[in-house]
Amino acid sequence: MMSPEKFSASLLEKMHTAVESSMDGIALLNAGGVYYYLNEVHLQMFGYEKEEELLGKSWQYIYGEEEIDRISKNIFPQLLKDKRWRGETTGKSREGKPVHQEITLTILDDGGIVCICRDIEQRIRNQQQIRIHSQILETSNSMLMTTDPDRNIIWANPSFCRTTGFSMEEILGKNPGALLQGEKSDKETIQRFKEAIRKNESFNCELLNYKKDGTTYWAEIKCQPLLNEKGELEGFFAIEEDITERKETEVLLSENKLRLELAIESNGAGLWDWNIRDNTVYYSSSWKRNLGYQDTEIATGFNEWQTRVHPDDLEMVAALLQQHLEGKTPVYESEIRLRHKDGHYISFIDRGKITLRDKGGTPVRMTGIVFNISELKEAQLKLAETESRWNAALEGSEFGVWEWDLVQNSIYFSPKLKELYGYRDDELQPTAEFWISTCHPDDFEPSRSALQDHLDNKTPNFISDRRVLHRDGHYRWFQSRGQVIRRDTNGNPLRVIGSVIDITERKKLEEELIKAKNAAEANVKTKRRFLANISHEIRTPMHAIMGITEQLKQTRLDEKQAYYLAVINESSRALLDLINDVLDISKIEEGKLKIDHIPFDLREIVQHVHQLFQENTDRKGLNYTLEFDERLNHYFSGDPSRLRQVLMNILSNAVKFTESGSVSLCCRLLSRTGNLYIMSFECTDTGIGMNEEMKKRLFQDFSQEDDSFERKYGGSGLGLAITHELVQLMGGTIRILSEKNKGTTVNIVLSLPVSADHPEPGKEPLQTNTGESLSHLRVLVAEDNSFNRLLIQIMLTNNDIQFDMADNGLQAVEMASRGNYDLILMDIQMPEMNGVDATKRIRQFRGPDTPIIAITANAVLEELDSYMKEGLTDYLTKPFDEKRLIQKIREHLPAATTK
């Protein structure tokens, strides 16, 4: 049995061992607060290695002034009262760093103190981290929440409440799915979400959620199970991002991508669309086809592109791509080689741009296209192979070549170009100053402007004709051509190449041609004036002859007198037809004969023309017939005057060259499309016909078969030539079938639309004023020719119209200023003052209301139109008959009788 002394010693040894083995720091202080024992943990807690460093020192040795003051004033009074105190203090280590500790102080019976302390530095750091993390979670824009194992919400940050519209009280204890999901939420996604939660697995998805007010928003949800150290489920943590804007943008992008893809693939390019977040890429069908793959043979991974890039290009391409992702370049562009399915590489231009970023500016999506440039590369190689031969060929030609490097501001002239300037190859070093100084001063600015327009990309190339100072001191004409062959990414020109050719001889020829053209135009004007004067001089007496003849026909005549008048009338009309034909030929040659488009009754035109030749065919005893297709009984839109002229020409020839047998005119419908009618006018005779030689020159001016024709039948040979031109101007065709001594058939095909603004034949509204008496009218007639004055006097008297006569334009102005006339008939060419000047003077005091009708022998359309611009109301060309004169007066009767 152990003695009490040994037992006490053994127990003390065990207690000492326990104190030294404790994980807490233990110290003993006497009643004066001086250390007399410290275990190793206590020493290490404050950075000391040996007891001697603290033994015999006051507790204040390991505290700062502020903490000493707190302990003395707050802790020690409480310790003395309760004999025990527990709390936290902050000491200082041997190096002066703060030491956070949790201590328990106990007063012993002798007044000494036992201090048990524990290092809480890590716990404080953890608490600080928790506070920081809590602040982050509370202020995050992302929606955050945690649930218990039963998936009921136990916490959510303010962003969750702001986005959904629910208060914290409304969401705590609620199931997120029941709270946020609705009718439009994808059921399949929800089911997969629930399955992952059931298995305690993490889950990511995009889901349409509902807010408190019923509106929807798209959320990207990341859910993570929370497990304890034993792997037991304690709840779930979820992060939601509002991606509504991104989803709407994706829809637009998807639609635009489809349109873009259709447009791009139609040009053989390929489209790619990179989702940077999940690193998937959409490759279009043409992208895959360029590499020899079917649509299903390439997946959507980024590596599908990466592994096909040529190893020598990969680093360069990756660097360019990264620069664009970092915002250092506006677009990504590179020339890359991609491996074909069969192993060879194809060259592409690869271009792309970021099309979507998130709210923080991070790239989310990037779209681009690839262009297959393999053929271009091959062409460049072939071009390089032939460049030397091409240069040699150029030097052997008459072209000089120049090249301008805008970056270095250097100019190259080929030896041939220097030769054009008069220099040997070694004698001239070209500069911009040389180009300027050798250009003719008058040509410098146009040439400089043309070059600048091309450099600014306003024109596809540069072309300039300019005079250049030759070495021998005289100017020669050069034509310079050029084109920018390289620009930088901003479109600024870097290099221009061009050619020069000496066009001095061509310029001389052009000057001669211009002189010849001006002379020809002057001749045309002279010819036109000559024809106008001849027309006027002949038409003026013709008007009197034909007019008086017409008046005589209305008197009582015996048979011989009537025959003489008929001869005069027929001869006069033949002469008038000749004048008209000559004028028409002149207009056709100048391209100034115009075709009108006005409503006309086709049946009336055809029947009228047919009736004109009835007397002649009766006299010859010909069988003369007309066949008119009733389906053509409409008003058509076209030129009735020219159609009448065409029909009269072909009928006139048929009657003239047919001595016996028959002449027929057939008008029939060939086809119809909507309101457009295609019709045929066919004139057939049993006359003398034509041989093949005659038919070849049938439509030439002044052409007849031989002199005997002209002697026997007369005529100018203009009729069919004019007819041919008129038919072509009306958009039709003319065909001649003829055999010598067996007859001729002339077939004309025209396309005419039915007039939309005129009633059908037989349905015209009743005309007003047609039978109204004109006795109330007072007319002023200005005419210098006495015979024409007499004729007009007879015509007006026959219709009971009051009139006054003026012999010239000046007299007409004086009479118009004194009298009140309802209408004025104004000759154009008169002594003292012509009709145009007289009209201008009359308009000054009578205004525009009084109709002034020109009665002129001028039949040139351009001059007749000019009369209208000078103030005349309308015109009548001489010769005219009484019916036409009265009709023209009646056309202006409403205006004349409203004064």
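Above this note sits the structure.
Thresholds, definitions, all that
- Residues numbered from 1 in each chain as written.
- Predicted model: local features only at pLDDT ≥ 70, side-chain atom pairs only at ≥ 80, totals over all residues.
- Heavy atoms only, no water.
- Pairing = 2+ DSSP bridges.
- Helix = DSSP H or I, 4+ residues; strand = E, 2+ residues; numbered from the N terminus.
- Axes fitted to C-alpha atoms, helices over the stretch in contact; angles between N-to-C directions.
- Contact = heavy atoms within 4.5 Å.
- Salt bridge = Lys/Arg side-chain N within 4 Å of Asp/Glu carboxyl O.
- Buried < 20%, exposed > 50% of the residue type's maximum accessible area, 1.4 Å probe, protein only.
- Patch = residues over 30% accessible without salt bridge, like charges linked within 9 Å, V, L, I, M, F, W, Y side chains within 5 Å.
- Areas by Shrake-Rupley, 256 points an atom, 1.4 Å probe, with all protein chains shown as cover.
- Lys, Arg positive; Asp, Glu negative; His and termini not counted.
- Charge placed at Lys NZ, Arg CZ, Asp CG, Glu CD.
- Left-handed = near helix turned anticlockwise from the far one by under 90°.
- Nonpolar A, V, L, I, M, F, W, Y, C, P; charged D, E, K, R; others polar.

Chemist: So what exactly am I meant to see when it comes to the sheet that holds strand β9 (residues 216–227) here?
Modeler: Paired through backbone hydrogen bonds, the strands of a sheet run either parallel or antiparallel to each other. Spatial strand order, β7-β6-β10-β9-β8: five strands in an open sheet with antiparallel pairing. The two strands at the open ends of the sheet, each matched to only one other strand, are β7 (153–156) and β8 (203–210). Neighbour-to-neighbour, the strand axes of this sheet turn through a mean angle of 30°, independent of strand direction. The strands touched by helix α8 (residues 187–198) within the sheet are β8, β9 and β10 (233–242), with β8 carrying the most contacts at an inclination of about 130°.

Chemist: Which parts of the structure should I look at to understand the pattern of salt bridges?
Modeler: For side chains bearing opposite charge, pairing can occur when the charged atoms are close. Under the defined criterion, the tally for this structure stands at 43 salt bridges. With a closest N to O distance of 3.5 Å, D426 and R424 form a salt bridge. Take D426: its relative accessible area is 65%, and that puts it in the exposed class. By relative accessible area, R424 is classed as exposed at 52%. Notably, a salt bridge pairs E870 with K840, separated by 3.0 Å at the nearest N-O pair. A residue pair is termed long-range when its members are at least 10 positions apart, and E870 in the loop between α28 (861–869) and β32 (874–877) and K840 in helix α27 (residues 835–846) qualify at 30 residues.

Chemist: Looking at this structure, I do not really get the sheet that holds strand β4 (residues 98–107). What am I missing?
Modeler: Reading across the sheet, the five strands line up as β2-β1-β5-β4-β3 and stay open at both edges, with antiparallel pairing between neighbours. Both edges of this open sheet fall to β2 (35–38) and β3 (84–92), since each of them pairs with a single strand only. With strand direction ignored, the average angle separating the axes of adjacent strands in the sheet is 25°. Contacts from helix α3 (residues 65–82) reach β3, β4 and β5 (113–119) within the one sheet, and its direction differs from that of β3 by about 165°.

Chemist: Honestly, unusual backbone geometry in this entry has me stumped. Any pointers?
Modeler: Trans peptide bonds make up most of the peptide bonds, and negative phi angles are found at most residues other than glycine. For N200, which is not glycine, the phi dihedral falls at a positive 60°. Of note, N200 is situated in the loop between α8 and β8. Residue N200 is classed as partly exposed on the basis of its relative accessible area, which comes to 33%.

Chemist: Just checking my understanding: could you explain a negative patch on the surface for this structure?
Modeler: A grouping of E241, D242, E245 and E248 is seen on the molecular surface, where their side chains present a negatively charged patch. Only β10 and α9 (244–265) provide two or more residues apiece to the negative patch. Structurally, E248 can be placed in helix α9.

Chemist: Could you clarify how one ought to interpret the packing of helix α19 (residues 602–612) against helix α21 (residues 640–656) in this entry?
Modeler: Two packed helices can be described by the angle between their axes and the distance between those axes. Interaxial distance between α19 and α21 falls to 10 Å at its minimum, and their mutual angle equals 35°. Considering the relative orientation of α19 and α21, their crossing is right-handed. On α21, the residues touching L602, I605, V606, H608, V609, H610 and L612 of α19 are P640, L643, R644, L647, M648 and L651. Among the residues forming the contact of α19 with α21, the class breakdown is 10 nonpolar, two polar and one charged.

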